[in-house]
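# Summary of the model geometry
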Amino acid sequence: MNSAVILTAFATGLAGSAHCIGMCGGISVSLGLGSMKKRLLPVYHLGRLASYTTLGLVFGSLLPLIGVRAYNAAWGASLRIAAALMMLAIGLQIALGVNLLRRLERHGARLWRPLAGFVQSLLPVQTGSDALLLGFLWGLLPCGLIYSALGLAVVSGNPLQAGLVMLAFGTGTLPAMLLLGVFSGTLVQALTRDSSRVILGTIVIATALWTLWPFVG
């Protein structure tokens, strides 16, 4: 179960590469311009991964705080079903390229506005500390992909597991983001074409159905 959830989170990040490029690509390109600035790219992405992992740890603590324990047999089965349904929804979202959480993104945008001015003040990035802070703040962008991964993190029912789920999601976004910042072009397109999304979405859907099978078979 844990492996299936982490695989789904990774696939969500990987399949959402096109969306990530649109949201974060400009920053990645600006950091990748010039040999002196390329050294800041890993620091920026380390900040993003730290942000996602922190979100996982925080949101993964919600259910235990209200008494839901994954190791409890009854709760464990319910969380497994919830995770499988979330994986199924994510798989359909990946395969069809439809943002199912657009409305939630709009609400998140209101929370992002107070941070937007501060983020702008960090550009252009000149130091490692600024790159790390920028990456951490960029991880808080209102994004349906992040919210989908957070849904998986919540139903994991365990803060550490939730942190790993969000780390896997962030790791999935890295290939396209790093390629964009360093190479750009055809290598990025291979990760963002429709056929790649359909394959990944199908794998996630199959994983979700496999997870659900013991409860419906």
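Look up: the structure comes first, before these words.
One structure accompanies this document, and this report is about it. Being a predicted model, the structure only gives us computed values, none of them experimental.

### Quick notes on the overall build of the chain
Secondary structure assignment for the chain yields 11 helices and 0 strands. Counting from the amino terminus, the chain carries its helices and strands in the arrangement α-α-α-α-α-α-α-α-α-α-α. Burial analysis of the chain (217 residues in total) assigns 46% to the buried set. Here the contacts in the chain between residues at least 6 apart in sequence split such that 79% fall between residues at least 24 apart. By element, 71% of the accessible surface of the chain is carried by carbon and sulfur atoms, the whole surface being about 10,400 Å².

### So, the side chain of Thr12
Position of Thr12 relative to the elements: it lies in helix 1 (residues 2-15). Taking relative accessible area as the criterion, Thr12 reaches 1% and is therefore assigned buried. Here Thr8 takes part through its backbone oxygen, which lies 2.7 Å from a polar atom of the side chain of Thr12. Aside from chain neighbours lying at most four places away, what touches Thr12 is Ile90, Ile94, Leu145 and Phe169.

### Some words on a nonpolar patch on the surface
Residues Val58, Phe59, Leu62, Leu65 and Ile66 make up a contiguous nonpolar surface patch of about 500 Å² in total accessible area. Of all the elements in the fold, those that place two or more residues in the nonpolar patch are helix 3 (41-59) and helix 4 (62-65). Here Val58 is to be found in helix 3. Residue classification places Val58 among the partly exposed residues on the basis of a relative accessible area of 47%.

### Let's talk about the nonpolar core
In globular proteins that are soluble, nonpolar side chains generally tend to be buried together. Counting 30 residues, the largest nonpolar core has Met87, Ile146, Leu152, Met166 and Phe169 as its most contacted members. Mapped by element, the contributors of at least two residues to this core are helix 1, helix 3, helix 5 (73-96), helix 8 (144-155), helix 9 (159-182) and helix 11 (194-216). Sorting elements by how many residues they give to this core places helix 8 first, with 7 residues. Formed by 12 residues, the second largest nonpolar core is a distinct cluster that contains Leu40, Leu122, Trp138 and Leu141.

### What to know about helix 1
Look at helix 1: 20 Å from first C-alpha to last across 14 residues, which is about the 20 Å you get at 1.5 Å a residue. What helix 1 keeps buried is the set Ala4, Val5, Thr8, Ala9, Ala11, Thr12, Gly13, Leu14 and Ala15.

### Quick notes on the environment of Ala176
One can find Ala176 in helix 9. Here the alpha-carbon distance between Ala176 and Gly13, two residues 163 residues apart in the chain, equals 9.8 Å.

### Quick word on helix 6 (residues 102-121)
With 20 residues, helix 6 should cover 28 Å at 1.5 Å per step; its first-to-last C-alpha distance of 28 Å lies within 8% of that length. The principal kink in helix 6, of about 45°, is found at Arg113, preceding the proline Pro114 by one to four residues.

### Here we look at the packing of helix 3 against helix 7 (residues 128-138)
Interhelical geometry of helix 3 versus helix 7 gives an angle of 40° and a closest axis separation of 6 Å. Of the two elements, helix 3 crosses helix 7, and the hand of that crossing is right-handed. Only Gly128, Ala131, Leu132, Leu134, Gly135, Phe136 and Trp138 of helix 7 make contact with helix 3, whose side of the interface consists of Val43, Tyr44, Leu46, Gly47, Arg48, Ala50, Ser51 and Thr54.

### A few points about the packing of aromatic side chains
One pass over the full model with this rule turns up 1 aromatic pair. For the pair Tyr52 and Phe169, a centre-to-centre distance of 5.3 Å together with 75° between the ring planes defines the contact as edge-to-face. Pair noted here: Tyr52 is in helix 3 and Phe169 is in helix 9, with a separation of 117 residues, a long-range link. With respect to class, Tyr52 is no different from Phe169; both count as buried.

What counts and what doesn't
Residues numbered from 1 in each chain as written. Predicted model: local features only at pLDDT ≥ 70, side-chain atom pairs only at ≥ 80, totals over all residues. Heavy atoms only, no water. Helix = DSSP H or I, 4+ residues; strand = E, 2+ residues; numbered from the N terminus. Buried < 20%, exposed > 50% of the residue type's maximum accessible area, 1.4 Å probe, protein only. Contact = heavy atoms within 4.5 Å. Areas by Shrake-Rupley, 256 points an atom, 1.4 Å probe, with all protein chains shown as cover. Polar contact = N/O pair within 3.5 Å; in protein donor to acceptor, adjacent residues only side chain to side chain. Patch = residues over 30% accessible without salt bridge, like charges linked within 9 Å, V, L, I, M, F, W, Y side chains within 5 Å. Salt bridge = Lys/Arg side-chain N within 4 Å of Asp/Glu carboxyl O. Core = buried A, V, L, I, M, F, W, Y, C linked by side-chain atoms within 4.5 Å. Expected span 1.5 Å × (residues − 1). Bend = angle between axes of the 7 residues up to and from the residue. Axes fitted to C-alpha atoms, helices over the stretch in contact; angles between N-to-C directions. Left-handed = near helix turned anticlockwise from the far one by under 90°. Phe/Tyr/Trp six-rings, centres within 6.5 Å; stacked < 30°, edge-to-face > 60°.

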